[in-house]
Structure formats: C-alpha cells, structure tokens
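Overview (structure and organization)
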Amino acid sequence: MKPALYPDQIMKKRLSVAAILTEARTRKSLTQDQLGELVGFKGNTIYRIESARFSPNADQLYALCEALDITLTLDGIDI
C-alpha cells in the first residue's frame, strides 16, 4: 500500500493546479470575477484557488476546466 501524501507534496500539487488555472484564465483574458461568474463562484473563491489556499472539489475543477477550455485528465483519460 502506498503511503499517504505528505503536506508539502499536497501543497506542490495545489500550486501546480493553481498555476495551470491562472495561466488558462489569463490566456482567455478573464478576470477572477468573470471566471467566477462563469462557474458560479465568487471572485474571492477563484483568488483562493489560484493562490493555493483552497482546493476545488472534482465538480468545481471540472467546471473550471470547461470554462477555461482546458482538459482534465485522470490516469491518461480525458474527463
């Protein structure tokens, strides 16, 4: 059985997700508030995700990827 991820490993993954989402939002010329409106979040929530202070759940991450036209992949399968 694989050991659980350590907190620093989790933070690295959060930071990676944050960087990908921030870059995609910027590429689409959207503000955090505009992206929030598209997916039903407050702009503050987008800020918290992009600063790795909040981890979106699977449904929220899927909505963000759809709004940003990016592919969410899990174990090599596009979701």
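1. Considering the overall build of the chain
Summing up its helical and strand segments, the chain has four helices and two strands in all. If you list the helices and strands of the chain from N to C, you get α-α-α-α-β-β. If you line up the chain on its principal axes, its C-alpha atoms span 40 × 25 × 20 Å. Relative to its 79 residues, the chain shows a buried fraction of 29%. Long-range pairs, those at least 24 residues apart, make up 52% of the contacts in the chain between residues at least 6 apart in sequence. When the accessible area of the chain is evaluated, it comes to approximately 5700 Å², of which 56% is carbon and sulfur surface. Side-chain charges in the chain split into 10 positive and 10 negative, and the spacing between the mean points of these groups amounts to 8 Å.

2. Some remarks on helix α1 (residues 7–27)
Relative to the 30 Å expected for 21 residues at 1.5 Å per residue, α1 spans 30 Å between its end C-alpha atoms, a close match to the ideal helical length. Looking only at α1, the buried set comprises Ala18, Leu21, Ala24 and Arg25. Taken down its axis, α1 places every buried residue within 135° of arc, on the same side. Exposed and facing more than 90 degrees away from the buried side of α1 are Lys12, Ile20 and Arg27. Of the surrounding elements, those touching the buried residues of α1 are α2 (32–39), α3 (43–50) and α4 (58–68).

3. Describing a nonpolar patch on the surface
A cluster of nonpolar side chains, contributed by Tyr62, Leu74 and Ile79, occupies part of the molecular surface with about 310 Å² of accessible area. Looking at the element boundaries, Leu74 is found in strand β1 (residues 73–74).

4. Overview of the pattern of salt bridges
Counted according to the given criterion, the structure contains three salt bridges. Here Arg27 ties to Glu23 by a salt bridge, and the two come within 2.4 Å at their closest N and O atoms. Here Arg27 and its partner Glu23 are both found in helix α1, four residues apart, which amounts to about one turn of the helix.

5. Let's talk about the packing of α1 against α4
In the contact formed by α1 and α4, the axes pass within 10 Å of each other and the chain directions differ by 30°. Looking at the two axes, α1 sits roughly parallel to α4. When the axes of α1 and α4 are compared, the crossing they make is left-handed. Contact residues: Val17, Leu21, Ala24 and Arg25 in α1; Leu61, Leu64 and Leu68 in α4. Classifying every residue of the contact of α1 with α4 by side-chain character gives six nonpolar, no polar and one charged.

Parameters at a glance
- Residues numbered from 1 in each chain as written.
- Predicted model: local features only at pLDDT ≥ 70, side-chain atom pairs only at ≥ 80, totals over all residues.
- Heavy atoms only, no water.
- Helix = DSSP H or I, 4+ residues; strand = E, 2+ residues; numbered from the N terminus.
- Buried < 20%, exposed > 50% of the residue type's maximum accessible area, 1.4 Å probe, protein only.
- Contact = heavy atoms within 4.5 Å.
- Areas by Shrake-Rupley, 256 points an atom, 1.4 Å probe, with all protein chains shown as cover.
- Lys, Arg positive; Asp, Glu negative; His and termini not counted.
- Charge placed at Lys NZ, Arg CZ, Asp CG, Glu CD.
- Expected span 1.5 Å × (residues − 1).
- Arc of directions from axis to C-beta.
- Patch = residues over 30% accessible without salt bridge, like charges linked within 9 Å, V, L, I, M, F, W, Y side chains within 5 Å.
- Salt bridge = Lys/Arg side-chain N within 4 Å of Asp/Glu carboxyl O.
- Axes fitted to C-alpha atoms, helices over the stretch in contact; angles between N-to-C directions.
- Parallel < 35°, antiparallel > 145°, perpendicular 65-115°, else oblique.
- Left-handed = near helix turned anticlockwise from the far one by under 90°.
- Nonpolar A, V, L, I, M, F, W, Y, C, P; charged D, E, K, R; others polar.

Geometry only, nothing functional implied.
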